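Results of the structural survey
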Amino acid sequence: MSRGRFISLEGLDGAGKSTHLAWLTAHLADRGIDHRVTREPGGTPLGEQLRALLLEQSMHLDTEALLMFAARREHLAQVIEPALAAGRWVVCDRFTDATYAYQVGGRGLPLATFEALERAVQGRPGGLVEPELTLLFDVPLAVSRARLANGRELDRFEREADDFFERVRAAYLARAAAAPQRIRVVDASRPLDAIQAELAAILAGFGG
Ligand code: TYD
């Protein structure tokens, strides 16, 4: 059996990820592609408990980073790797690019630490377990802020100041520029039908 494919979705809070995730899963289902939808931080019972802490509990920045990777280790072992091995696609709402964007870009923590954590958690013989395709939904900060202001109560990350999110966005775009084959930047400030047409084209090129 061939291994499943691994897709992640990224973007600023308020970029519209949830809407695009729903469209993507319906699109894969229409094509008969068996897939597992999951999210980070979270995706396992322990990971969801860590998520609740991460989104609400104040903590040392290093603790935040370590808990992100602790949740990820569990998620890989229990959900992502078994699904891929069974030939299912995995669609993950955020993965390690979010850590580089939020913890390294936003928080300013040292890159080298994260490269080491990434190797420890995702390293396998022959390389890293990582998404083959990452859809980065990019919007200007003002758009993401306006969308968040209309929503529910904000979590610990969403309450950060504008300069934090400017750094997060810049970090995402820099990662995309460094890995343009894997990370596809989608201008998510456009009307939904234009975004969906682009997603369909990207997926067609990816076999989905
Ligand atoms: P998010 O995925 O946006 O969920 P929701 O749509 O329910 O708000 O929220 C997760 C938050 O966690 C988001 O603000 C980004 C943050 N995060 C990190 O800081 N680092 C990470 O590695 C991950 C996966 C998420």
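Structural notes, computed from the coordinates. Remember, predicted model here, so these are calculated numbers, not experimental data.

Reading the values: rules and limits
- Residues numbered from 1 in each chain as written.
- Predicted model: local features only at pLDDT ≥ 70, side-chain atom pairs only at ≥ 80, totals over all residues.
- Heavy atoms only, no water.
- Buried < 20%, exposed > 50% of the residue type's maximum accessible area, 1.4 Å probe, protein only.
- Helix = DSSP H or I, 4+ residues; strand = E, 2+ residues; numbered from the N terminus.
- Pairing = 2+ DSSP bridges.
- Near = heavy atom within 4 Å.
- Polar contact = N/O pair within 3.5 Å; in protein donor to acceptor, adjacent residues only side chain to side chain.
- Areas by Shrake-Rupley, 256 points an atom, 1.4 Å probe, with all protein chains shown as cover.
- 1 Å grid on protein atoms, 1.4 Å probe; cavity = no way out; pocket = protein on both sides within 12 Å on 5 of 7 lines; lining within 4 Å.
- Sits in = over half its atoms within 2 Å of the grid points.
- Axes fitted to C-alpha atoms, helices over the stretch in contact; angles between N-to-C directions.
- Contact = heavy atoms within 4.5 Å.

1. Examining the pairing of strand β1 (residues 6-11)
Of all six residues making up β1, six are buried, and the element is well covered by its neighbours. Residue alternation in β1 divides its side chains into two sets, Phe6, Ser8 and Glu10 and Ile7, Leu9 and Gly11, and both sets are buried. Relative to strand β3 (residues 89-93), β1 runs parallel, the two being bridged by four bridges. Among the inter-strand pairings, phenylalanine 6 is bridged to a residue of β3, identified as valine 90. Where β1 lies against strand β6 (residues 133-138), five bridges are found, and the strand directions are parallel. Within β6, the position partnered with serine 8 by the bridge is threonine 134.

2. With respect to the site of the ligand
In the vicinity of the ligand there are 17 residues, among which Asp13, Arg51, Arg94, Thr99 and Gln103 approach most closely. With respect to the ligand, the side chain of aspartate 13 contributes an N or O atom lying 2.8 Å from an oxygen atom. Glutamate 158 has a polar side-chain atom sitting 3.3 Å from an oxygen atom of the ligand. In isolation the ligand offers 560 Å² of accessible surface; the protein chains occlude 90% of this area. Because more than half of its atoms lie within 2 Å of the grid, the ligand is assigned to the largest pocket. At the level of secondary structure, the elements contributing two or more residues to the shell around the ligand comprise α2 (45-56), α3 (61-85) and α4 (96-106).

3. Quick word on the pairing of β6
Judged by how many residues are buried, β6 sits mostly within the fold: six of six residues are covered. Alternating positions in β6 separate into two faces, Leu133, Leu135 and Phe137 on one and Thr134, Leu136 and Asp138 on the other, with burial throughout. Looking at chain direction, β6 and strand β7 (residues 183-187) are connected through five bridges and run parallel. Paired with aspartate 138 across the two strands is aspartate 187, which belongs to β7.

4. Quick word on the sheet that holds β3
Taken together, five strands build an open sheet; the order of strands is β2-β3-β1-β6-β7 and the sheet is parallel. At either margin of the open sheet sits one strand with a lone partner, and together these are β2 (35-39) and β7. The sheet shows a mean angle of 20° between the axes of neighbouring strands, direction not considered. Where β2 and β3 come together, five bridges link them in parallel fashion. Within the sheet, the bridge partner assigned to histidine 35 lies in β3 and is tryptophan 89. Set on the sheet, α4 makes contact with β1, β6 and β7; between it and β1 the angle comes to about 25°. Here helix α7 (residues 162-178) sits on the sheet and contacts β1, β6 and β7; the angle it forms with β6, its principal contact strand, is near 140°.

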